[in-house]
Every structure is written in structure tokens, then in C-alpha cells.
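# Topology and contacts: notes
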Amino acid sequence: MKYAKPAFLVLSCLVIILAVWYPSPAIPAEEAGSEQEVAVVNQPPVEPVIRRDGQTVHIEMTAQVTNVEISEGVFYNAWTFNGTVPGPVIRVKEGDTLDFTLKNMDPDMPHSMDFHAVHAAPSKKFIDVMPNEQGTFSYPATTPGVFMYHCGTSPVLLHVGNGMYGMIIVEPKAGYESDAEIDREYTIVQSEWYREHDEEAFMNEPPEYVVFNGDDFTLKEHPLLAKVGDQVRLYVANVGPNEVSSFHVVGTTMDRVYIDGNPKNVMYGLQTAMIPAGGGAVVEFTVTEEGDYPILTHQLKDANKGASAILRVTADGKDHGEPSTMSH
């Protein structure tokens with residue numbers, strides 16, 4: 001899964017400062033000291049620590065401030081998990097216990113973790129971790145599927161809108177009925193970007209970008225790959241914070257859709273899968289001819305804002321650089 005580059009938000013009430021590699025204009029001597037200059041935090045990405053001990057999975061993640069590229073040449077000062085948006089994909093097994101540590105590297109803001117995949121009292125297990133501190137929490141993952149995780153600190157809209165989300169996959173004990181038939185697997189997280197750091201925009205305005213895996217260009221410039229005849233599985237999460245996803249693959253129908261990724265929630269032959277904000281699905285389909293297959297939300301205004309990708313199908317499953325067409 002390809003992630004965007006790093007970014008941050010200072011406070012919504014402060015003047016937004018450009019990313020650190022764009023120097024601020026010099027302040028005339030007579031104006032020096034008239035305003036307190038705010039230092040921009042831009043923390044480099046950190047690899048998550050994931051270690052299995054029997055059925056206990058130890059996970060260490062960071063909450064941090066990092067600059068991310070959301071469109072070519074457009075950077076957003078994001079609150080992040082581990083310096084990427086979306087955060088790292090976490091993959092565990094049904095029946096595992098998560099021993100989770102959140103290290104808050106943000107010097108200014110409390111953050112927390114809300115795993116949609118677990119059973120826990122939010123008032124005890126999804127609580128705030130203060131700046132420059134860390135918290136450790138334990139919870140069982142007993143429901144299989146594909147789930148969102150996000151910062152649960154109030155106001156949640158502000159934290160999710162600024163980039164604090166990702167995907168956790170809980171593999172079913174008995175697998176999916178289709179496991180033996182699947183040739184390729186990929187993950188796609190749909191999300192939105194609004195006017196930078198503006199909670200009023202998050203509340204009342206349409207998104208400026210709707211994207212897959214954090215930006216509007218990576219999955220077009222670097223297509224997903226398959227070969228003719230492959231059955232492809234996509235783990236899909238729509239983290240919102242506000243829009244639905246009418247998930248669609250142009251040029252095929254869906255062999256199976258597991259709603260929220262639960263093997264009991266299987267549907268067959270769908271053309272489009274409706275995924276609400278905060279929901280997920282496992283989507284499976286077969287590609288029968290060479291060519292480029294657009295993957296998008298059929299909320300077409302959102303596809304035009306960036307929520308689209310290319311699956312490139314060739315005889316050998318390799319990318320030979322053929323041009324693609326995204327119209328639909």
C-alpha cells in the first residue's frame with residue numbers, strides 16, 4: 001500500500017504556515033516581535049512496531065504531526081498516525097488480543113485510538129494520551145472483517161478531518177469461502193480533504209479532494225496490477241469523515257462482496273457496493289481481458305475530485321506502461 005508523503009496542523013485558530021521546506025517571508029525589522037512566530041512541526045514518518053506472541057499482538061504506533069502530499073504539489077499539514085495518511089494497515093487474526101501502545105509525539109494536542117474492530121469500553125480504552133506521553137491498552141479482536149481505526153479525541157471530526165485514520169483487517173479463523181480462488185489482494189482507503197485545518201469547512205462545506213489511499217494521484221500513476229483471468233480481492237474502508245462511497249469497478253461485476261469484511265455477510269453479483277462513512281467491505285471480482293479497469297466511487301463528483309484508481313490487467317500481470325482512460 002502506497003502512502004503519501006508527510007504534514008501538520010498547528011491550531012485552527014492560528015495563521016496556517018506553509019510546510020517547512022517553503023521558507024516564510026522575512027519579517028521587516030520594525031515588525032519583528034509584533035507577533036510571536038509559531039514553529040512548524042514536521043515529524044518524519046515512523047515505522048509501526050508489530051510483534052506477535054502467540055495470540056497476543058503487540059502494536060506500537062505514534063500520533064504525530066507530518067506534512068503529506070494530497071495532490072501533486074499540494075501539501076497538507078496533517079495530524080497522522082506514524083506520519084502517513086492513511087496510517088499503517090494493521091493485520092491480525094480473529095481471536096487475537098491487541099496489546100496496543102500509542103506514543104503521542106504531538107507537542108501540542110492530545111490524541112487517542114478508536115479501533116472499530118475491538119470490544120472495549122471507550123471511556124477506559126479509547127482515552128486521550130497527552131502530548132509527549134504514551135498509553136497502553138488491551139482489547140480482544142473477536143469479530144472478523146475490515147475496519148476503520150481513527151483518533152477518538154473530541155472533537156472527533158477535527159481529528160479525522162485532519163488525517164488520523166487507517167485500516168485494520170481481522171482475518172477470519174476459517175477464512176473466506178473464496179480464499180483458494182484469489183490471485184491478488186490490495187487495500188484501498190477512501191477519505192476526504194477539506195480546506196486546511198478548518199473545522200467549519202469540515203462541518204458545512206463539500207470536500208476539496210476525495211481520495212484513495214491519501215492522495216488523488218498515486219493509484220493512477222502506479223496502477224494496481226493483475227493478469228488476465230485473475231480473481232482480485234480488495235479490502236476497502238471508507239473513513240469519511242462525511243461522504244458515502246458507491247464503490248465500483250468499471251468493466252466487471254463483483255463476484256462476491258463481504259459487507260464489513262465479515263464472511264457471514266456475503267453478497268453475489270453486485271455492480272456497486274455502498275460503503276458508509278466508517279464502514280468497510282471485501283470486494284472480489286474477475287478480470288477477463290487485458291486493459292485498464294478504473295476503480296472509483298460512483299458518486300461521480302467525488303471520483304472527479306480524486307477518488308479513483310487504475311487496475312492494469314496484462315497477459316503477464318506486469319505494467320508495460322500503457323496509457324489509461326479514467327472517463328466513466
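Residues numbered from 1 in each chain as written. Predicted model: local features only at pLDDT ≥ 70, side-chain atom pairs only at ≥ 80, totals over all residues. Heavy atoms only, no water.

### Observations concerning the packing of aromatic side chains
- On inspection of all chains with the given rule, the structure shows nine aromatic pairs.
- For the pair Phe 100 and Phe 115, a centre-to-centre distance of 5.1 Å together with 85° between the ring planes defines the contact as edge-to-face. Highlighted residues: Phe 100 in strand β5 (residues 96-104) and Phe 115 in strand β6 (residues 114-115), separated in sequence by 15 residues.
- By relative accessible area, which is 1% here, Phe 115 ends up buried.
- Geometrically, the ring pair formed by Tyr 194 and Phe 202 is edge-to-face, given 5.7 Å between the ring centres and 65° between the ring planes.
- Classification of Phe 202 as buried rests on a relative accessible area of 1%.
- Through a chain of ring-to-ring contacts, the aromatic side chains of Phe 81, Phe 100, Phe 115, Phe 126, Tyr 139 and Tyr 149 assemble into a single cluster. (Phe/Tyr/Trp six-rings, centres within 6.5 Å; stacked < 30°, edge-to-face > 60°. Helix = DSSP H or I, 4+ residues; strand = E, 2+ residues; numbered from the N terminus. Buried < 20%, exposed > 50% of the residue type's maximum accessible area, 1.4 Å probe, protein only.)

### Section: the sheet that holds strand β12 (residues 224-227)
- The five strands are arranged β12-β20-β19-β14-β17 in an open sheet whose pairing can be described as mixed. Across the chains shown, the open sheet's two edge strands, defined by having one partner strand only, are β12 and β17 (272-275). Direction aside, neighbouring strands of the sheet carry axes that sit 20° apart on average.
- Judged from the four bridges that link them, β12 and strand β20 (residues 308-314) form a sheet pairing that is parallel. For Ala 226, the partnering residue across the bridge sits in β20 and is Val 313. (Pairing = 2+ DSSP bridges. Axes fitted to C-alpha atoms, helices over the stretch in contact; angles between N-to-C directions.)

### A short note on the nonpolar core
- Counting 55 residues, the largest nonpolar core has Leu 98, Phe 100, Phe 115, Tyr 139, Ile 168 and Trp 193 as its most contacted members.
- Here this core gets seven residues from one element, more than from any other, and that element is strand β2 (residues 56-71).
- In contact with Phe 100, not counting residues within four places along its chain, are Ile 59, Met 61, Met 113, Phe 115, Gly 135, Thr 136, Phe 137 and Tyr 139. (Core = buried A, V, L, I, M, F, W, Y, C linked by side-chain atoms within 4.5 Å. Contact = heavy atoms within 4.5 Å.)

### A closer look at the pairing of β17
- Here β17 shows a buried face lined by Ala 273 and Ile 275 and an unburied face lined by Thr 272 and Met 274.
- Direction of pairing for strand β14 (residues 245-249) relative to β17: antiparallel, over a ladder of four bridges. When the sheet's bridge partners are listed, Ser 245 is paired in β17 with Ile 275.

### Some thoughts on the side chain of Glu 94
- On the secondary structure map, Glu 94 appears in the loop between β4 (90-93) and β5.
- We note that Glu 94 is buried and unpaired, the nearest opposite charge coming from Lys 173 at a distance of 5.4 Å.
- At a separation of 2.8 Å, a polar atom in the side chain of Glu 94 contacts the main-chain amide nitrogen of Lys 173.
- Excluding anything up to four places from it in sequence, Glu 94 contacts Gln 55, Ala 141, Thr 142, Pro 144, Val 170, Glu 171, Pro 172 and Lys 173. (Lys, Arg positive; Asp, Glu negative; His and termini not counted. Salt bridge = Lys/Arg side-chain N within 4 Å of Asp/Glu carboxyl O. Polar contact = N/O pair within 3.5 Å; in protein donor to acceptor, adjacent residues only side chain to side chain.)

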